[in-house]
Amino acid sequence: MSQKTLLTKITDISQKMASEVHLRSLRDSFIITVPFLVLAGLFIMVNFVFLDAKGVVGQWVSADTLAAIRSVGDRILTGTMNILSLMLVVLISWNIANKRKFTAPMIPAMVSLAAFLVLMPGTISIVPVNASEAVQVSGVISLGLTNAGGVFMAIITAIIATDLFLLIAKTRWLQIRMGDEVPPMVTQSFQSMFSIMLVVLAFALVAAIVKVTTGKEVHEIIQAIIQAPLVHLTTNLPGFLVLTTLTNLLFSLGIHPSGIINPILEPPLLVAMQENMSAFARGEVPPHIIVLPFRDLYGHMGGTGSTLALLIAIFMRSKISSHQKLGKTVLAPGLFNINEPVIFGFPVLYNPLIMIPFIIYPQINFIIAYFATQFDMVSRIVAYVPWSVPPLLSGWLGSGGDYRNVILQLILIALGVMIYLPFLMAYERTMLKSKVDALVEEMAAEQPAAAEVATANNEQPAQNALAALNNKTIILSCNEGMSTSIMANKMRQYAQSQGCDVSVYAINIGRIEEEYHKADLILLGPQVVYMRESIIENINAACPVLPINTQYFSKLDGKSAIEEAAAQLASARAI
């Protein structure tokens, strides 16, 4: 099998997985929950580090006052971390229904929430305050099932309940017909009445049958059969290394892993993160070394592949001016772990000499960080930190304020520079031998001359060239809309400087189906280009969907990108 055929097969499989409705819905739903988890992580730090009764503040403030202040954080944890599963069951269901073009996606979302609560046990065992023995109580819901402990039950419930609801809703003889004078929302509610009733009844019957036949609740079975094994797989070092190696391999082939590996990797690691946060809040030793931020703190410093070390290596030893210019351009986003310009502009993509450290170096980091944590040389991760927090700060926040984790990150970055350097130098030697660098410099030197020739030939000025963009909207999209938001800003600034009235903004890939009707042109970041065909199909080819020029994207060249967009729109209009 040829290399091209293999890559085509990988791309086809990746596109099918990334465009699969349930996986896309999982991805989009987890993205929405991130701010809530960040807020929870922040107040874990505030309550149990800064306001610790045994800390510095405790020496100056009374215990009662500290408890009153900490009650604010406790309430925030209840409204964020402790209702994660409730949020997810609604979000996943809504996204599935929305992507399947159901006219009122909030109805199946509420049905899924009802089904989720139907599966809750009727009585639970709790230990009262200031008591030593547990008692059975009814009429309450355990936070242990609404926080990350119920994530897998939320995912399964949302998928099954929504698909079942949509299937039943298609059966016309189960719909109640009403007159045109009835408000649309009332009509939709009554038309869905039997679907709602049958789905909730089905879940109630399943919960009762499971309880009678096994003596266990549904959540206990899901915990034993699905959640516990997956948490063990992903928090186990070998399993984690396999999944993260696949992540880096896919990215080095130009395929963003968010819709492929992340739906497998992230939910169990999020559960593990929740368990660590809860244990830390109780004053216990966190049970897991590997949690979701562990990946970002130690293996994504500068982005996937920990390319911050590559940028430092470029500044230290690169002899090629185009690399030095690229390093200066992408350093700022790289500090916030946005490295698509490096991957597609350096490039890492299809570059064997750079792909090797890109894939292997983060795995070395994970192994070192794992054993450093196991031997108590650094603290375990106890606060959720989003992937975009810069290295060093992320280590301090995630560890609950332990400077040793910051030192470990510094050591790992230095190690990465040492690992990337020989590969960088070897790559540059091959470039110099083939005179690629000389050709690039020659082409760059010819560009001003070409511009002068164009002016001498009375070509249209920039304002006229951008005329096709007036009163138009261009939407850029990548996995989370981060790298493309930088590009969109550059494009918008140049267009405004030329007096062009065009709207340019960036969104994450999951919002295209909500926003496409506003767009005259959709531009895809290189990391999600493999999804282009499925996106065109999902929006019914309502507008052109094209890849951003990789060269312009890597250099964050807003001028060239906006000019090319104008040409593309003018061409599309001519057709």
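Here, the structure is the one placed above.
Just so you know, these numbers come straight off a predicted model, no measurement behind them.

> How should the overall build of the protein chain be read in this particular structure?
Scanning the protein chain for helices and strands turns up 27 helices and 6 strands. For the protein chain, the residues scored as buried account for 49% of the 575 residues in total. Look at the contacts in the protein chain between residues 6 or more apart in sequence, and 74% of them connect residues 24 or more apart. Carbon and sulfur atoms form 64% of the exposed surface of the protein chain, whose accessible area is close to 26600 Å².

> Please explain helix α13 (residues 262-281) as it appears in this structure.
Helix length check: α13, at 20 residues, gives a terminal C-alpha distance of 27 Å against a target of 28 Å (1.5 Å per residue), a fit within 8%. Of all 20 residues in α13, 16 are buried, a share of seventy percent or more. One or two residues past the end of α13 sits Gly-283, with phi positive at roughly 80°.

> So what exactly am I meant to see when it comes to the pairing of strand β5 (residues 521-524) here?
In regular strands, side chains alternate between the two faces of the sheet. Burial of the side chains of β5 extends over both faces: Leu-521 and Leu-523 are buried on one face and Ile-522 and Leu-524 on the other. Sheet analysis places strand β3 (residues 472-478) next to β5, joined by 4 bridges and oriented parallel. Its bridge partner being in β5, Ser-477 is matched across the sheet by Leu-524. Where β5 lies against strand β6 (residues 545-547), 3 bridges are found, and the strand directions are parallel. Across the sheet, residue Ile-522 finds its bridge partner in β6, namely Val-545.

> Sorry if this is basic, but what is going on with the packing of aromatic side chains here?
Note on aromatic pairs: each is described by the distance of the centres and the angle between the planes. For the coordinates displayed, the defined rule picks out 11 aromatic pairs. Where Phe-48 meets Phe-280, the ring centres are 6.5 Å apart and the plane angle is 80°; that geometry is what we call edge-to-face. Residue Phe-48 is found in helix α2 (residues 21-50), and its partner Phe-280 is found in helix α13; the two are separated by 232 residues along the sequence. Overall, the relative accessible area of 16% leaves Phe-48 in the buried class. Both rings, one in Phe-294 and one in Phe-366, keep their centres 5.9 Å apart while their planes meet at 25°; by these two values the pair is stacked. Here the residue Phe-294 occupies a position in helix α14 (residues 292-299), and Phe-366 occupies one in helix α18 (residues 352-374), the gap between them amounting to 72 residues.

> Where do I start with the nonpolar core in this structure?
Nonpolar side chains tend toward joint burial in soluble globular proteins. Counting 129 residues, the largest nonpolar core has Val-151, Phe-294, Tyr-298, Phe-346, Ile-512 and Ile-522 as its most contacted members. For this core, the element with the most residues is helix α8 (residues 151-169), which contributes 11 residues. Counting residues in hydrophobic clusters, the runner-up holds 22 residues, among them Tyr-494, Ala-495, Ala-561 and Ala-566.

> Where do I start with a positive patch on the surface in this structure?
On the surface, a cluster of positive charge is made up of Arg-317, Lys-319, Arg-429 and Lys-433. Along the chain, the position of Arg-317 falls in helix α15 (residues 308-317).

> Whenever I open this one, the environment of Val-89 confuses me. Can you help?
Relative to the elements of secondary structure, Val-89 occurs in helix α5 (residues 84-99). C-alpha separation for the pair Val-89 and Thr-157, spaced 68 residues apart in sequence, amounts to 7.1 Å. Excluding anything up to four places from it in sequence, Val-89 contacts Ser-112, Leu-113, Phe-116, Ala-154, Thr-157 and Ala-158.

> Looking at this structure, how should I read unusual backbone geometry?
Residue Pro-347 is bonded to the preceding Phe-346 through a cis peptide linkage, with omega at 0°. On the secondary structure map, Pro-347 appears in the loop between α17 (340-345) and α18. Of note in the backbone geometry, Tyr-350 takes a positive phi value of approximately 55° without being a glycine. Position of Tyr-350 among the secondary structure elements: in the loop between α17 and α18. Phi at Leu-556 takes a positive value of approximately 50°, unusual for a residue other than glycine. Structurally, the position occupied by Leu-556 is in the loop between α26 (550-555) and α27 (558-574).

> Hey, could you run me through the packing of helix α6 (residues 106-118) against helix α10 (residues 193-214) in this one?
Helix-helix packing: each pair is described by the crossing angle between the helix axes and the interaxial distance. The contact between α6 and α10 brings their axes to 9 Å, and the two run at 20°. Judged on the interaxial angle alone, α10 and α6 are roughly parallel. Here α6 and α10 pass one another in a crossing that is right-handed. Between α6, through Ile-107, Val-111, Ala-114, Ala-115 and Val-118, and α10, the contact on the second element is made entirely by Ile-196, Val-199, Val-200, Phe-203, Ala-204 and Ala-207.

About the criteria used
Residues numbered from 1 in each chain as written. Predicted model: local features only at pLDDT ≥ 70, side-chain atom pairs only at ≥ 80, totals over all residues. Heavy atoms only, no water. Helix = DSSP H or I, 4+ residues; strand = E, 2+ residues; numbered from the N terminus. Buried < 20%, exposed > 50% of the residue type's maximum accessible area, 1.4 Å probe, protein only. Contact = heavy atoms within 4.5 Å. Areas by Shrake-Rupley, 256 points an atom, 1.4 Å probe, with all protein chains shown as cover. Expected span 1.5 Å × (residues − 1). Pairing = 2+ DSSP bridges. Phe/Tyr/Trp six-rings, centres within 6.5 Å; stacked < 30°, edge-to-face > 60°. Core = buried A, V, L, I, M, F, W, Y, C linked by side-chain atoms within 4.5 Å. Patch = residues over 30% accessible without salt bridge, like charges linked within 9 Å, V, L, I, M, F, W, Y side chains within 5 Å. Salt bridge = Lys/Arg side-chain N within 4 Å of Asp/Glu carboxyl O. Lys, Arg positive; Asp, Glu negative; His and termini not counted. Charge placed at Lys NZ, Arg CZ, Asp CG, Glu CD. Axes fitted to C-alpha atoms, helices over the stretch in contact; angles between N-to-C directions. Parallel < 35°, antiparallel > 145°, perpendicular 65-115°, else oblique. Left-handed = near helix turned anticlockwise from the far one by under 90°.

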